[in-house]
Amino acid sequence: RTTGASIKRRGTHDLMNCIRTDLQKDPEGTLYAYKFDIRRFYDNARQDFVMWCFRRVFKDKRLLVLLERFVKLLPEGISFGLRSSQGAGNLLLSVFLDHYLKDKYGVRYYYRYCDDGLVLGKTKAELWKIRDVIHRQMGKIDLEIKPNERVFPVEEGIDFLGYVIRPDYVRLRKR
């Protein structure tokens, strides 16, 4: 529910509303934010991992052949412009990051839009631990987090999804 981009009825506005709702429902549990971005995601996504994810979900051999043709259009990575690449990217991160954080670590306030992520938590220490888990998981599939990641108080405003989100109001980002 907290993943957006190329998913019907889950755009930036919907995800922003999920974040606002969580900030308002649990102000003590959402005092701090960890924001991250995956470095050159589409260029660096490994085709073999993407196909592994497709094979987990789909069993039809003809469909898998078609999907593999889309995935292997480029010598490396997955094509940035194709709609199928957005779905492939979402599936890859859903399997290797989203479900891992929520199911294994019980991360309650995790949001992702394409290759940008946000985690809310009660303390900075909690978020730094989650940060380490995210780095390990991305390392397993040869992806890196950009160095501009940060942990900060939510009251500063969360610059995410084209908005600056604060517990009591939201503004469009200036740039």
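Placed above this text is the structure.
Source: prediction; values computed, not measured.

Q: How would you explain the packing of helix H3 (residues 47-57) against helix H5 (residues 83-104) if you had to name every residue and give the values?
A: Contact pair H3 / H5: the axes reach a minimum separation of 9 Å and the direction vectors enclose 80°. In terms of their interaxial angle, H3 and H5 are classed as roughly perpendicular. The segment H3 lies against H5, with Phe49, Val50, Trp52, Cys53, Phe54, Arg56 and Val57 engaging Ala88, Leu91, Leu92, Val95 and Phe96.

Q: Go over the sheet that holds strand E8 (residues 170-172) with me, naming the residues and quoting the values.
A: Judged by pairing direction, the sheet is antiparallel, and its three strands sit side by side in the order E6-E7-E8 without closing on themselves. Both outer strands of the open sheet, strand E6 (158-160) and E8, are each paired with one neighbouring strand and no more. Each strand axis lies, on average, 25° off the axis of its neighbour in the sheet, ignoring direction. Strand direction decides the pairing type here: E6 and strand E7 (residues 163-165), joined by three bridges, are antiparallel. Its bridge partner being in E7, Asp159 is matched across the sheet by Val164.

Q: With reference to specific residues and values, describe helix H6 (residues 124-140).
A: Over its 17 residues, H6 extends 25 Å from the first C-alpha to the last, a length consistent with the 24 Å expected when each residue adds 1.5 Å. Among all positions of H6, only Leu127, Ile130, Arg131, Val133, Ile134, Gln137 and Met138 are buried. The buried residues of H6 occupy an angular sector of 165° when the element is viewed end-on, so they sit on one face. Exposed side chains of H6 directed beyond 90 degrees from the buried face belong to Ala125 and Lys129.

Q: Tell me what's going on with the nonpolar core, and back it up with residues and numbers.
A: With 35 residues, the main nonpolar core has Phe54, Leu92, Val119, Ile134 and Met138 as its most contacted residues. Mapped onto this core, the elements with two or more residues apiece are strand E2 (32-37), helix H2 (41-44), H3, helix H4 (61-71), H5 and H6. With eight residues, the top contributor of residues to this core is H5. The contacts of Leu92, once residues within four sequence positions are left out, are Phe41, Ala45, Phe49, Val50, Cys53 and Ile141. Ranked by size, the runner-up nonpolar core spans 17 residues in total, among them Met16, Tyr109, Phe152 and Ile165.

Rules used in this analysis
Residues numbered from 1 in each chain as written. Predicted model: local features only at pLDDT ≥ 70, side-chain atom pairs only at ≥ 80, totals over all residues. Heavy atoms only, no water. Axes fitted to C-alpha atoms, helices over the stretch in contact; angles between N-to-C directions. Helix = DSSP H or I, 4+ residues; strand = E, 2+ residues; numbered from the N terminus. Parallel < 35°, antiparallel > 145°, perpendicular 65-115°, else oblique. Contact = heavy atoms within 4.5 Å. Pairing = 2+ DSSP bridges. Expected span 1.5 Å × (residues − 1). Buried < 20%, exposed > 50% of the residue type's maximum accessible area, 1.4 Å probe, protein only. Arc of directions from axis to C-beta. Core = buried A, V, L, I, M, F, W, Y, C linked by side-chain atoms within 4.5 Å.

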